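Architecture at a glance
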Amino acid sequence: QVQLVESGGGLVQAGGFLRLSCEASGRMFSLSPMGWYRQAPGKQRELVASVSLRGSTNYVDSVKGRFTISRDNAKRTVYLQMNSLEPEDTAAYYCHAHDLVMNRDYWGQGTQVTVSS
């Protein structure tokens, strides 16, 4: 069983930055991809960014050039550095991991990001 614990959300002004962290309990070697989803009120959950075990990354178009995802397998942690934040980035952000061995998905509890204009 893998548990994902997020931290780093909060309130920030437009143009500001935040860094989200997601620490995984247990093994990291089988978690791929790991990523961040977000869900704003009244909208569907969307994939923001993901990173594979080997470090390949993928981003939704709206955050390209502003957000950076990375993982530190030794620390069992995946990060989302969010720069130049916009009010449209306001949402609950969820950490996600797919377990290649167990073929199942895990989710964190979510952390709120609010960007004021």
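Please read these numbers as outputs of a predicted model, since none were measured by experiment.

**With respect to the overall build of the protein**
Along the protein, the regular secondary structure elements total zero helices and eleven strands. When its helices and strands are written in sequence order, the protein yields β-β-β-β-β-β-β-β-β-β-β. For the protein, whose C-alpha radius of gyration is 13 Å, the value lies close to the compact-globule estimate of 13 Å for 117 residues. By its C-alpha atoms, the protein is 45 × 25 × 20 Å across when sized along the principal axes. When burial is assessed residue by residue, the protein has 44% of its 117 residues classed as buried. Pairs at least 24 apart in sequence give 54% of the contacts found in the protein among residues at least 6 apart.

**Digging into the pairing of strand β10 (residues 104-107)**
Across four bridges, strand β9 (residues 91-99) lies against β10 in antiparallel orientation. By the bridge assignment, H96 is partnered in β10 with W107. What sits between β9 and β10 in their antiparallel hairpin is a turn of four residues, with N103 showing a positive phi close to 50°.

**Some points on the nonpolar core**
L4, W36, L80, M82 and Y93 are the most contacted members of the largest nonpolar core, which has 30 residues in total. Where this core is concerned, the elements lending two or more residues are β3 (18-24), β4 (31-39), β5 (46-51), β7 (67-72), β8 (77-82), β9 and β11 (111-116). When near neighbours in sequence (up to four residues on either side) are disregarded, M82 contacts G16, F17, L18, L20, R66, F67, Y93 and V113.

**Quick word on the state of the cysteines**
This model, assessed by the stated rule, comprises one disulfide. Put simply, C22 and C95 are joined by a disulfide, and their sulfur atoms are 2.1 Å apart. Its S-S torsion of approximately -85° makes the covalent link between C22 and C95 left-handed. Taken together, the residues C22 in strand β3 and C95 in strand β9 connect sequence positions 73 residues apart. Residue classification places C95 among the buried positions, given a relative accessible area of 0%.

What counts, and where the lines are drawn
- Residues numbered from 1 in each chain as written.
- Predicted model: local features only at pLDDT ≥ 70, side-chain atom pairs only at ≥ 80, totals over all residues.
- Heavy atoms only, no water.
- Helix = DSSP H or I, 4+ residues; strand = E, 2+ residues; numbered from the N terminus.
- Rg over C-alpha atoms; globule rule 2.2 N^0.38 Å.
- Buried < 20%, exposed > 50% of the residue type's maximum accessible area, 1.4 Å probe, protein only.
- Contact = heavy atoms within 4.5 Å.
- Pairing = 2+ DSSP bridges.
- Core = buried A, V, L, I, M, F, W, Y, C linked by side-chain atoms within 4.5 Å.
- Disulfide = S-S within 2.5 Å.

All we've got here are geometric facts, nothing functional implied.
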